[in-house]
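# Breakdown of the fold
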Amino acid sequence: MAVIEVTDLRCTYGDHVAVDGIDFTVRRGEIFALLGANGAGKTTTLETLEGHQAPAGGSVRLFGQDPLQERRAVRRRTGVMLQDGGFAGELTVRETADLWAKLSRRDGDVKTDLDRLDLTGRADVPVQQLSGGETRRLEVALAIHGQPELLIFDEPTTGLDPESRRRTWQVIGELVDAGSTILLTTHYLEEAEALANRVAIMRDGRIATAGTLGEVSAQLPGRITFRVPAVPLPPELEALTTDSRVGEHVLETYALQADLTRLLAWANSHGLTLDRLHARGGSLEDAFMGVVA
């Protein structure tokens, strides 16, 4: 069952087309990552899904409902974390969480929310005295209040230290295990790789590529790198060389196992040890850079 359905979505600001006819669905119980460089259209897409603006064309549906026209019904089932929460700085962390709990109208325990994001010890501190990372964790805590069916996270771990980022990933995993569906944007590709079931990479308001991590990376060649050996490579391997850095060979291949086997057999036949040998298949980073470059 699709929790989010986006069909031929177009969003404009005057003459500027921010989102130019995109389609995607997010199924119940999955994590879907929307990726792209700044200005690709990610945040505009999220704002439309959140019901903050009407699309210029196409449609969006959350739980089969229009998030703008049926906002009250949709918002009770949806937790949202924006890039900037816009808190009242004089309120304490606990007061902010209590206020948000009342506004969201979802049943849940504020203390548990703060505990999950390691904020209990800061509960009586005014929000304006929090560090940037603590403020970001508070935004996560408010979004997850009441275990919403759908969570929309815009850059959820920006500004967090590695330990806090890992803790947030753990919380996100717990939410999905408990039945939530998650749509997120992130500039941390390792975050998308660690969390997402499927990804879509946007450029200039369009989706350039989408699918599971395996599907996205399968479209790309693998890479074999090693220090330049004393003996020239055979022609069939030399033909795979795409970038000879200083003292290093880089081979690209769509038959990684076969060509790696061929390379090792050649090295063994010449009694060579290939220093700094590394082989890997296509990655999400390769796919991302191929889109945004």
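Quick caveat, the model's predicted, so the values are computed rather than measured.

Time to look at the packing of helix α3 (residues 93–104) against helix α5 (residues 132–143). Look at α3 against α5: their axes get within 10 Å of each other, and the N-to-C directions meet at 30 degrees. One element, α3, and the other, α5, form an angle in the roughly parallel class. Considering only the axes of α3 and α5, their crossing is right-handed. Judged by residue contacts, Val-93, Thr-96, Ala-97 and Trp-100 of α3 engage Leu-138, Leu-142 and Ala-143 from α5. Partitioning the contact of α3 with α5 into residue classes produces six nonpolar, one polar and no charged.

Its location among the elements puts Asp-259 in helix α10 (residues 256–269). In this structure Asp-259 touches Ile-224, Leu-237, Leu-240 and Thr-253, once residues within four positions along its chain are discounted.

It is worth spelling out the sheet that holds strand β12 (residues 278–280) at this point. With antiparallel pairing, three strands are arranged side by side in an open sheet as β11-β10-β12. Looking at the sheet topology across the chains shown, the edges are occupied by β11 (248–253) and β12. Mean inter-strand twist for the sheet, computed between neighbouring axes without regard to direction, equals 10 degrees. In the sheet, strand β10 (residues 222–227) pairs with β12 via three bridges, with the strands oriented antiparallel.

This brings us to the sheet that holds strand β7 (residues 181–185). Overall, mixed pairing links the six strands, which are arranged β5-β6-β7-β3-β8-β9 in an open sheet. If you trace the sheet from one side to the other, it starts and ends with β5 (78–81) and β9 (206–212), each paired once. Direction aside, the axes of adjacent strands within the sheet are offset by 15 degrees on average. As paired elements, strand β8 (residues 198–203) and β9 share six bridges and run antiparallel to each other. Looking across to β9, one finds that Met-202 is bridged to Ile-207. Across the sheet, helix α1 (residues 42–49) touches β3 (31–36), β6 (150–154), β7 and β8, and the angle it forms with β6 is around 150 degrees.

What follows is about unusual backbone geometry. The backbone of Gln-147 sits at a positive phi, close to 50 degrees, despite the residue not being glycine. Phi angles above zero are rare outside glycine, and Glu-155 is one such case at about 55 degrees. As for its position among the elements, Glu-155 is in the loop between β6 and α6 (162–177). The class of Glu-155 is buried, set by a relative accessible area of 6%.

Looking now at the pairing of strand β1 (residues 2–13). Bridging between β1 and strand β2 (residues 16–27) involves nine bridges; their strand directions are antiparallel. What sits directly across from Leu-9, in β2, is Ile-22. As defined by bridge partners, β1 adjoins strand β4 (residues 57–62) across five bridges and the pair is classed as antiparallel. Its bridge partner lying in β4, Glu-5 is registered against Arg-61.

With that out of the way, let us pick up the nonpolar core. If you look at the biggest cluster of nonpolar residues, it comprises 41 residues, and the most contacted ones within it are Ile-31, Leu-35, Leu-114, Leu-138, Ile-144, Phe-153 and Ile-182. Those residues within four positions of Leu-138 in sequence are excluded, and the remaining contacts are Phe-87, Val-93, Thr-96, Leu-114, Leu-119, Val-127 and Leu-130. Judged by nonpolar contacts, the second largest core, of 24 residues, contains Cys-11, Leu-49, Val-74 and Ala-200.

With that out of the way, let us pick up the pattern of salt bridges. Taken as a whole and assessed by the stated rule, the structure comprises 17 salt bridges. Close ionic contact of Arg-167 with Glu-174 constitutes a salt bridge, the shortest N to O distance being 4.0 Å. Assessed through its relative accessible area of 29%, Glu-174 is described here as partly exposed. Between Asp-259 and Arg-262 there is a salt bridge, with the nearest N and O atoms lying 3.4 Å from each other. Here Arg-262 and Asp-259 lie together in helix α10, a separation of three residues that amounts to about one turn. Members of the salt-bridge network, linked through shared partners, are Arg-10, Asp-20 and Arg-206.

Checked against the element boundaries, Ile-224 lands in strand β10. Of the residues examined, Ile-224 reaches a relative accessible area of 0% and is grouped as buried. Sequence-wise, Ile-224 and Ser-59 are 165 residues apart; in three dimensions their C-alpha atoms are separated by 44 Å.

Turning to helix α11 (residues 284–292), a few remarks are in order. Regarding α11, the residues found buried are Leu-284, Ala-287, Phe-288 and Val-291. One side of α11 holds all its buried residues, which, seen down the axis, span an arc of 100 degrees. Here the buried face of α11 lies against β3, α7 (189–195), β8, β9 and α8 (213–218).

The rules we used
Residues numbered from 1 in each chain as written. Predicted model: local features only at pLDDT ≥ 70, side-chain atom pairs only at ≥ 80, totals over all residues. Heavy atoms only, no water. Axes fitted to C-alpha atoms, helices over the stretch in contact; angles between N-to-C directions. Helix = DSSP H or I, 4+ residues; strand = E, 2+ residues; numbered from the N terminus. Parallel < 35°, antiparallel > 145°, perpendicular 65-115°, else oblique. Left-handed = near helix turned anticlockwise from the far one by under 90°. Contact = heavy atoms within 4.5 Å. Nonpolar A, V, L, I, M, F, W, Y, C, P; charged D, E, K, R; others polar. Pairing = 2+ DSSP bridges. Buried < 20%, exposed > 50% of the residue type's maximum accessible area, 1.4 Å probe, protein only. Core = buried A, V, L, I, M, F, W, Y, C linked by side-chain atoms within 4.5 Å. Salt bridge = Lys/Arg side-chain N within 4 Å of Asp/Glu carboxyl O. Arc of directions from axis to C-beta.

In short, geometric facts, not functional conclusions.
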